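If you want the building blocks of each chain, they are given just below.
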Amino acid sequence: MMMKKVFLSFVAFFMLSGFVMAQSVQDGINFLYYDRIDRAKQTLEAVVSKNSKDPYAIYWLGQALLADKDVAGAKALYQNALNSGVNDPWIWVGMGHVELLEGRNINEVKQRFEQAITASKSKKNENPDILNAIGRANADGSSKVGDPTYAIELLKRAGNIDKANSDIYYNMGVNYLKLGSMHGGDAVDAFNEAIRRNPKDARSFFRIGRIYQSQGNVDVMNKYFSEAAGADNSYAPVYLEWFQYYANRDVNAAKEYLDKYMNIVKDDKTCETDYFYADYLFRAGKYQESLNKANEMMNGACKDFTKLQLIYAYNYNRLGDSMKAKEAIETYFAKTAPEKILPEHYLMGSAILRKFPEKTKDAVSLLEQVFNADTITANRIKYADTIAFIYKNNGNEVERLKWLKTSFTLNPNPSNLDIYNLGDAALNGKNFALADSMFTVYKQKYPEQVYGYLGLVKSAQAKDSTGVTAIEPINDYIHYLLQDSVKNAATIGYYHAVQGGTYVNEVKDYQKALDEFELAIQFDPENAQYKSYRDQIAKVVASMNKQKSAPKKPAPKK
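What counts, and where the lines are drawn
- Position numbers for residues count from 1 along each chain, tracking the sequence in the order it is written.
- Only residues with pLDDT of at least 70 are given local features in this predicted model, and only at 80 or more are side-chain atom pairs given and counted; all residues enter the totals for whole chains, interfaces and linings.
- Side-chain numbers here rest on the full set of heavy atoms in the structure, without hydrogens or water.
- By salt bridge we mean one thing: a side-chain nitrogen of Lys or Arg within 4 Å of a carboxyl oxygen of Asp or Glu.
- Buried means the residue's accessible area, taken with a 1.4 Å probe over protein chains only, is under 20% of the maximum for its type, while exposed means over 50%, and partly exposed covers the values in between.
- Here an axis means a line fitted to C-alpha atoms, over the contact stretch when the element is a helix, while the angle between two N-to-C directions is reported on a 0 to 180 degree scale.
- A run of DSSP states H or I qualifies as a helix once it reaches four residues; a run of E qualifies as a strand once it reaches two. Both are numbered from the N-terminal end.
- Working definition: roughly parallel below 35 degrees, roughly antiparallel above 145 degrees, roughly perpendicular at 65 to 115 degrees, and oblique for all remaining angles.
- Here is the rule for handedness: rotate from the far helix to the near one, and if that takes an anticlockwise turn smaller than a right angle the crossing is left-handed, while a clockwise turn gives right-handed.
- Note on contacts: a residue pair is in contact if any heavy atoms of the two residues lie within 4.5 Å.
- Any residue that is not Ala, Val, Leu, Ile, Met, Phe, Trp, Tyr, Cys, Pro, Asp, Glu, Lys or Arg is counted as polar, Gly included; the first ten are nonpolar and the last four charged.
- Here the expected span of a helix is defined as 1.5 Å times the quantity of residues minus one.

(A) Representation of the pattern of salt bridges within the structure. The tally for this structure, following the rule as stated, stands at 29 salt bridges. Salt-bridge contacts for Arg104 lead to Glu99; the nearest nitrogen and oxygen are separated by 3.4 Å. The exposure class assigned to Glu99 is buried, which follows from its relative accessible area of 6%. Through salt bridges with shared partners, one network takes in Glu99, Arg104, Glu108 and Arg112.

Structural data, given as structure tokens:
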């Protein structure tokens, strides 16, 4: 059968006009492009209801369901199509997409994709739209979903056949992003090719901006976000992302972007748009107004909208009502599908739950979930450090060390605090080799700071109760302290006394012990205890010296 070509025209007038129930698959695709998922589902459901055997329409309705994170719904749709005799490459690709998200064996899913490629071939070429659909399937989900390398190869073949479709290169860019930050340049090149093919492709400008956003380059982020808005000022996702970025940074700028977003989607007013306004009120510090908006939603059509519980949790947490905040966030997690929960929701949930000692395990579990789901290294480091901090407060040094080691391994440029924290955790967790390694690194990188020297002393003392192992690091530490002998006099005196004790009790070198206590008194002359020890040792040394100097008695004659 002839395959239908996907061509996204994206006319602003189409999206700004009042809603008329569209009857074409292309209208549904356009709604998906603009991230207006409810409209896309309504439109595509209407098309499929008129022709329940149209594989192309069924495929795109399934894509709308997947965009709404309804994997089960999409699976049922595609399976029903197959059961009713719609045995078509579009349905095979759709089902393969579902199976990727379900975590099915990648090689088995690839076989389904390859069957679709073979069945859809013309005499001259492979069908570029089927290749692109497979690329879209592999682009979906986290970095652990699909095979982006395989998808990129198919998309390159599709791009060589179809010289106009920008969607091919958009999907290629997303697949490059799934390969990791080292392919960020390749992703940008792919998005730029999409823009070359369609200069009004706001989505590709937006994704380039998101790359720079993840790198913390706000100026370039704003440049590409502005270009996305300039290419198509009806592209609402860019205004929503701007709002969410500035919500905790510049509430006035956030409100400006939210207003633009709300103006674009005003004909689609949903619980989601009301939620964004309630969220803005919270960010603006208008907690009671935000709660009032939430109550208004709860008493209306949005009572079952689970994200409403986030508004309650945010506001009650800020207002100091931890119990109500806990109830709200636990309700949210209990009633929301995991695939719809965002990283910041896990973070908020953890922050609330860890206020309750009995909920520590649950707080850590939420952070572990977002750690495993997030692909941005800087975020994963933050999550690991937070988990380690929770375990530190809970007195669990073993788990604290485990998570700080994870954080340190991820971090390409650990700070002095990162090095110290790992050394401290290793020390408390009795991993003395790691503690010595970290404190040595600290001393070498930051020789002007005390923490490396002192850390090595503590590690040596902890692993050897005799104090002998600590003699050398203490001498090194004293040498550091002598840089300001006036300020550090009492500390220098204390460690000379510690050395003196070791020489007396363990090494049995009384002269060295006496020398150390003389130095201790030199730096802390008012310390009577040092003088007492010095005097006792001096008597021993004098006695020993007297014995050495006494003439030896001649051996008795036989």
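Having seen the model, we can carry on.
(B) Representation of the packing of helix α15 (residues 251-264) against helix α16 (residues 271-283) in the model. It is at 10 Å that the axes of α15 and α16 come closest, and there the two elements cross at 170°. As the angle between them shows, α15 and α16 are arranged roughly antiparallel. The way α15 lies across α16 gives a crossing that is left-handed. Here Val251, Lys255, Leu258, Tyr261 and Met262 of α15 come into contact with α16, specifically with Thr273, Phe276, Tyr277, Tyr280 and Arg283. Looking at side-chain class alone, the contact of α15 with α16 contains seven nonpolar, one polar and two charged residues.

(C) Representation of the environment of Asn545. Summarising the element assignment, Asn545 is placed in helix α30 (residues 528-549). C-alpha of Asn545 to C-alpha of Ser226: the two residues are 319 residues apart in sequence and 87 Å apart in space.

(D) Up close: the packing of helix α3 (residues 37-50) against helix α4 (residues 55-67). α4 packs onto α3 with a crossing angle of 155° between their chain directions and a minimal axis gap of 9 Å. Between α3 and α4, the crossing angle belongs to the class labelled roughly antiparallel. For the pair α3 and α4, the crossing hand works out as left-handed. Packed against α3, whose contacting residues are Ile37, Ala40, Lys41, Leu44, Glu45, Val47 and Val48, the element α4 presents Ala57, Ile58, Trp60, Leu61, Ala64, Leu65 and Ala67 at the interface. Grouping the constituent residues of the contact of α3 with α4 by class yields twelve nonpolar, no polar and two charged.

(E) Representation of helix α23 (residues 397-410). Spanning 14 residues, α23 covers 20 Å between terminal C-alpha atoms, matching the ideal 20 Å at 1.5 Å per step. Of the surrounding elements, those touching the buried residues of α23 are α21 (360-373), α22 (377-393), α24 (416-428) and α25 (432-445).

(F) The arrangement of unusual backbone geometry in detail. At Asp35, a position not held by glycine, the phi torsion is positive, near 65°. Along the chain, the position of Asp35 falls in the loop between α2 (25-33) and α3. Judged by relative accessible area, which is 47%, Asp35 ranks as partly exposed. A positive phi angle, near 65°, is found at Lys430, a position not held by glycine. Within the secondary structure, Lys430 sits in the loop between α24 and α25.

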